[in-house]
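Take a look at the letters that make up each chain.
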Amino acid sequence: MIAGLRTILLLGLGAIVLYAMQHNTPGYGDITSPIAIRGKVGERVESHAFAYGAANVHLARAVKTESFGWVRDYSSSGVWLIVEGAAVAKKESLTLLSAEWLSPSGIRYALSQRFSTMRGYLPTERLEPGLPRPVLIAFELPETAIRGGRLLIARSGLIPLGEELWIEFEQKAPLEIKPSITLARGSGSMPWTLAAK
């Protein structure tokens with residue numbers, strides 16, 4: 001009788017331990033997720049392979065691009081978030097292929113592909129060691145996804161345990177959304193010019 005009761009208690013204890021382990025052990029996605037390196041707008045944030053600094057952040061309802069006399073209008077059902085910054089490789093030539101916006105609710109938004117032919121746009125720029133390059137990043141977001149969000153930049157979104165920069169956008173004042181931003185082809189070291197209206 002006592003041996004049977006002991007067996008039942010041990011089986012029950014084992015079931016409780018297994019249940020607790022199952023619900024408290026991180027999953028494979030959590031174990032292999034990128035390593036976050038935190039920073040803020042206006043700071044240079046460094047990983048082992050590259051560094052990035054977000055200098056200026058612009059919000060607009062529409063974006064116009066001017067290139068070789070052609071003007072294109074890009075509207076959005078949400079808001080354009082455009083980030084001007086600079087990136088540099090540290091040890092070897094590389095291209096930063098992953099840039100996402102993480103909203104406060106946890107939804108990730110992919111980089112807009114509408115400016116992929118523009119000089120200086122992040123996924124098209126090859127970075128060389130020691131040579132900082134100006135880079136432009138643009139997202140189309142719902143207005144509710146901006147405040148409290150963060151910019152995520154990585155060498156690739158497919159490398160387990162890679163490094164990912166988490167750049168915080170601290171905005172305490174009300175969002176200042178311009179009616180329009182114009183991006184034009186730049187000259188010299190700056191591949192674009194930006195004018196907000």
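Up top is the structure.
Just so it is clear, the model here is predicted, and its values are computed rather than measured.

Definitions and cut-offs
- Residues numbered from 1 in each chain as written.
- Predicted model: local features only at pLDDT ≥ 70, side-chain atom pairs only at ≥ 80, totals over all residues.
- Heavy atoms only, no water.
- Pairing = 2+ DSSP bridges.
- Helix = DSSP H or I, 4+ residues; strand = E, 2+ residues; numbered from the N terminus.
- Polar contact = N/O pair within 3.5 Å; in protein donor to acceptor, adjacent residues only side chain to side chain.
- Contact = heavy atoms within 4.5 Å.
- Phe/Tyr/Trp six-rings, centres within 6.5 Å; stacked < 30°, edge-to-face > 60°.
- Patch = residues over 30% accessible without salt bridge, like charges linked within 9 Å, V, L, I, M, F, W, Y side chains within 5 Å.
- Areas by Shrake-Rupley, 256 points an atom, 1.4 Å probe, with all protein chains shown as cover.
- Salt bridge = Lys/Arg side-chain N within 4 Å of Asp/Glu carboxyl O.
- Buried < 20%, exposed > 50% of the residue type's maximum accessible area, 1.4 Å probe, protein only.

With reference to specific residues and values, describe the pairing of strand β4 (residues 70-89).
Where strand β3 (residues 50-67) meets β4, 16 bridges bridge the pair, whose relative direction is antiparallel. Bridge pairing in β4 links glycine 53 to alanine 86. Hairpin remark: β3 followed by β4, antiparallel, with 2 residues in the connecting loop; positive phi at phenylalanine 68, about 55 degrees. With 9 bridges joining them, β4 and strand β9 (residues 133-141) adopt antiparallel strand pairing. By the bridge assignment for β9, glycine 85 is matched with valine 135.

Give me the lowdown on the side chain of histidine 58, citing residues and values where you can.
Secondary-structure assignment places histidine 58 in strand β3. Among the polar contacts listed, one links the side chain of histidine 58 to the side chain of glutamate 84, at a separation of 2.9 Å. Those residues in contact with histidine 58 that lie beyond four places of it in its chain are Trp80, Leu81, Ile82, Glu84, Ile181 and Leu194.

Requested: an account of the packing of aromatic side chains, with residues and values cited.
By the definition in use, this model includes 5 aromatic pairs. Relative to phenylalanine 115, the ring of tryptophan 80 lies with its centre 5.2 Å away and its plane at 45 degrees, an arrangement referred to as tilted. With tryptophan 80 in strand β4 and phenylalanine 115 in the loop between β7 (108-110) and β8 (126-127), this pair connects stretches of sequence that are 35 residues apart. With a centroid separation of 6.2 Å and an interplanar angle of 75 degrees, the aromatic rings of phenylalanine 115 and tyrosine 121 are classed as edge-to-face. An aromatic cluster of three or more residues is present, and its members are Tyr74, Trp80, Phe115 and Tyr121.

Can you tell me about a nonpolar patch on the surface, naming the residues and giving the values?
Among the surface-exposed residues, Leu10, Leu13, Val17, Leu18 and Met21 lie close enough to one another that they form a single nonpolar patch of about 500 Å² accessible area. Tracing the backbone shows leucine 18 in helix α1 (residues 2-24). Judged by relative accessible area, leucine 18 falls into the exposed class, the value being 57%.

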